[in-house]
Amino acid sequence: MGPPDQGDQVGRRTGWKRLATPLGILAAVTAAFAYVGTVDPNDPGHYPVCPLLKVTGVLCPGCGGLRSAHAFITGDLGAALQANAIATVGYFLFAAVWVLWLVRAWRGKPLRIALAPAWWWGVGAVLLVFTVVRNLPFGSALAP
């Protein structure tokens, strides 16, 4: 039995090297979620207050996101959705895109998600409607 084929080793190294970025992103997101899961944002003093909420009293689309992440990581999906439904949907969307990215990186293909401008406008409109509704009395169920 002879020495391993060097071309094969280089190919494997290159394959693992392609996974470095998606795995690094996963490690960073996991570390952030672990921190938020450990340091409860419901206890005051650990995290800064949203500047928009502090100055104007208006909830931004991200308000409640840390509480949502804490509830999500501790397994309380209902509380996560109540704290910030958009953020909770975003966690699942991130997971789906990350898996797609990992598979494409493994196959040696770049991740290209090209959305038409109408989709971006649609995302902006959803965020705007979410923000307005959660600040109105009838939309208090969307407020953290």
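Everything that follows concerns the structure shown earlier in this document.
Note that the structure is a prediction, hence the values are computed from the model and not measured.

Peer 1: How should I be thinking about the overall build of the protein in this particular structure?
Peer 2: A tally of regular secondary structure across the protein gives seven helices and zero strands. Overall, the protein shows an N-to-C arrangement of helices and strands of α-α-α-α-α-α-α. Looking at the protein as a whole, 22% of its 144 residues are labelled buried. Within the protein, residue pairs in contact and separated by at least 24 positions form 56% of the contacts whose partners lie at least 6 positions apart. Put simply, the protein shows about 9900 Å² of open surface, and 70% of that area lies on carbon and sulfur atoms.

Peer 1: What am I meant to see in the layout of surface pockets here?
Peer 2: Empty space among the atoms can be located by rolling a probe the size of a water molecule over them. Of the pockets and cavities examined, the largest pocket occupies roughly 480 Å³. Around the largest pocket, the lining comprises 14 residues; the ones closest to its centre are Val89, Gly90, Leu93, Trp120 and Val123. Of all the secondary-structure elements, those providing two or more residues to the lining of the largest pocket are α6 (85-106) and α7 (117-134). Here the lining of the largest pocket is built from residues that sort into 13 nonpolar, one polar and no charged.

Peer 1: Before we go on, may I ask you to explain the packing of helix α2 (residues 20-38) against α6 in this structure?
Peer 2: When two helices pack together, their arrangement is given by the angle between their axes and by how far apart the axes lie. Following both chains from N to C, one finds α2 and α6 inclined at 155°, their axes separated by 9 Å at the closest point. Accordingly, the angle class assigned to the pair α2 and α6 is roughly antiparallel. α6 is crossed by α2, and the crossing has left-handed handedness. Where α2 approaches α6, its residues Thr21, Pro22, Leu23, Ile25, Leu26, Val29 and Phe33 are matched on the opposing element by Tyr91, Phe94, Trp98, Trp101, Leu102 and Ala105. For the contact of α2 with α6, the per-class residue count stands at 12 nonpolar, one polar and no charged.

Peer 1: Is there a simple way to think about the packing of aromatic side chains in this case?
Peer 2: Pairs of aromatic rings are described using the distance from one ring centre to the other and the angle between the two planes. Tallied over the full model, the rule gives five aromatic pairs. Seen from their ring centres, phenylalanine 33 and phenylalanine 72 are 6.4 Å apart, and the 65° between their planes marks the pair as edge-to-face. On the criterion of sequence distance, the pair formed by phenylalanine 33 in helix α2 and phenylalanine 72 in helix α4 (residues 65-73) is long-range, its members being 39 residues apart. Classification of phenylalanine 72 by relative accessible area gives partly exposed; the value is 26%.

Peer 1: Looking at this model, I keep getting lost on α6. Mind explaining?
Peer 2: At 3.6 residues per turn, the α-helix brings residues three or four places apart onto the same side. When the terminal C-alpha atoms of α6 are compared, their 32 Å separation across 22 residues agrees well with the 32 Å that a helix rising 1.5 Å per residue should span. Ala87, Thr88, Tyr91, Trp98 and Ala105 are the residues of α6 that are buried. Looking straight down α6, one finds its buried side chains confined to an arc of 110°; they lie on one side. The outward face of α6, more than 90 degrees from its buried face, is lined by the exposed residues Val89 and Leu93. Capping the start of α6, asparagine 84 holds a side-chain oxygen 3.1 Å from the backbone nitrogen of isoleucine 86, two or three residues further along. Backbone geometry just after α6 places glycine 108 at a positive phi near 80°.

Cut-offs and rules
Residues numbered from 1 in each chain as written. Predicted model: local features only at pLDDT ≥ 70, side-chain atom pairs only at ≥ 80, totals over all residues. Heavy atoms only, no water. Helix = DSSP H or I, 4+ residues; strand = E, 2+ residues; numbered from the N terminus. Buried < 20%, exposed > 50% of the residue type's maximum accessible area, 1.4 Å probe, protein only. Contact = heavy atoms within 4.5 Å. Areas by Shrake-Rupley, 256 points an atom, 1.4 Å probe, with all protein chains shown as cover. 1 Å grid on protein atoms, 1.4 Å probe; cavity = no way out; pocket = protein on both sides within 12 Å on 5 of 7 lines; lining within 4 Å. Points joined across faces, edges and corners; volume = space filled by probe spheres on them. Nonpolar A, V, L, I, M, F, W, Y, C, P; charged D, E, K, R; others polar. Axes fitted to C-alpha atoms, helices over the stretch in contact; angles between N-to-C directions. Parallel < 35°, antiparallel > 145°, perpendicular 65-115°, else oblique. Left-handed = near helix turned anticlockwise from the far one by under 90°. Phe/Tyr/Trp six-rings, centres within 6.5 Å; stacked < 30°, edge-to-face > 60°. Expected span 1.5 Å × (residues − 1). Arc of directions from axis to C-beta. Polar contact = N/O pair within 3.5 Å; in protein donor to acceptor, adjacent residues only side chain to side chain.

Nothing here speaks to function; it is geometry throughout.
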